[in-house]
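# Fold and geometry: a report
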Amino acid sequence: MTFPYLDIIIRSVAVYFFMTIALRIFGKKELSQLNTADIILILLISNSVQNAMVGPDTSLIGGLVAALVLFVTNFAIKKLTRRYKTLGDLLLDKPQILIHDGKLDFKALSKLDISDEELKEAMREHGIEFFKNVKLAMLEIDGTISIISEDQKNLKQTHYKRKHNHRNLQKF
């Protein structure tokens, strides 16, 4: 007799990797800008992949096995990407430079689909008026825009979050 939950384990791992690849393709910028439609999409995706993970097994144990497999897979992937740089490069995004010493990286901005107005909005949130006053602006791996400005006396860094996430606004 085979292990009865092997099918759930295989299906759950497959769904985990599919979702990881899909998020990698659609980009990190999308994660920091969740609106109502995005939340609905996430809920619908989770509902649609549930059956792909557990198949006909709708028991409590089947659901718990699927959840456990997702947690273990996520834990293992985090450990492996830290240990093996090549795997980390393949699966994880890297921060992207948007502005360096006042000069915009138009290629990166275009690739990441970040508009001039969105960048200006992030700068205004940081109290910066002109691009030339930005020492470094980066799109972080979590989809936020970090900006470091340099005034005459000290270096200041703030962390920008989208308007609808004001409760999460962090300043460094």
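You'll find the structure just up there.
Everything in this summary refers to the structure shown in the same document.

Procedures and definitions
Residues numbered from 1 in each chain as written. Predicted model: local features only at pLDDT ≥ 70, side-chain atom pairs only at ≥ 80, totals over all residues. Heavy atoms only, no water. Helix = DSSP H or I, 4+ residues; strand = E, 2+ residues; numbered from the N terminus. Contact = heavy atoms within 4.5 Å. Phe/Tyr/Trp six-rings, centres within 6.5 Å; stacked < 30°, edge-to-face > 60°. Lys NZ or Arg CZ within 6 Å of the ring centre and 35° of its normal. Core = buried A, V, L, I, M, F, W, Y, C linked by side-chain atoms within 4.5 Å. Buried < 20%, exposed > 50% of the residue type's maximum accessible area, 1.4 Å probe, protein only. Patch = residues over 30% accessible without salt bridge, like charges linked within 9 Å, V, L, I, M, F, W, Y side chains within 5 Å. Areas by Shrake-Rupley, 256 points an atom, 1.4 Å probe, with all protein chains shown as cover. Salt bridge = Lys/Arg side-chain N within 4 Å of Asp/Glu carboxyl O.

Within the protein chain, the secondary structure is distributed over six helices and six strands. Taken from N to C terminus, the helices and strands of the protein chain fall in the order α-α-α-α-β-β-α-α-β-β-β-β. Intrachain contacts of the protein chain at a sequence separation of at least 6 include 56% that bridge at least 24 residues.

What characterises a pair of aromatic rings is the spacing of the ring centres plus the angle enclosed by the ring planes. Taken as a whole and judged by the stated rule, the model has one aromatic pair. With a centroid separation of 5.7 Å and an interplanar angle of 85 degrees, the aromatic rings of Tyr16 and Phe17 are classed as edge-to-face. It is Lys132 that lies over the ring of Phe130; its NZ or CZ is 5.5 Å from the centre.

This part covers the nonpolar core. Judged by nonpolar contacts, the single largest core of 16 residues is most densely connected at Leu98, Ile99, Leu119, Met123, Val134 and Ile147. Residue assignment for this core shows that the elements contributing at least two residues are β1 (96–100), α6 (116–125), β3 (134–139) and β4 (145–150). Apart from residues lying up to four places away in sequence, Met123 is in contact with Ile99, Ile128, Glu129, Phe130, Phe131, Val134 and Ile147. In terms of nonpolar packing, the next biggest core, distinct from the first, is built from eight residues, Val15, Met53, Val65 and Ala66 among them.

Moving on, we come to a nonpolar patch on the surface. On the surface, Phe3, Leu6 and Ile10 cluster together into a nonpolar patch covering about 310 Å² of accessible area. Structurally, Leu6 can be placed in helix α1 (residues 6–26).

Here we take up α6. Listed as buried for α6 are Glu118, Leu119, Glu121, Ala122 and Met123. Once α6 finishes, Gly127 follows within two positions and takes phi at roughly 80 degrees, a positive value.

Looking now at unusual backbone geometry. The backbone phi angle of Asp101 is positive, close to 50 degrees, even though this residue is not glycine. Within the secondary structure, Asp101 sits in the loop between β1 and β2 (103–104). One non-glycine residue with positive phi stands out, namely Asp113, at about 60 degrees. Looking at the secondary structure, you find Asp113 in the loop between α5 (106–111) and α6.

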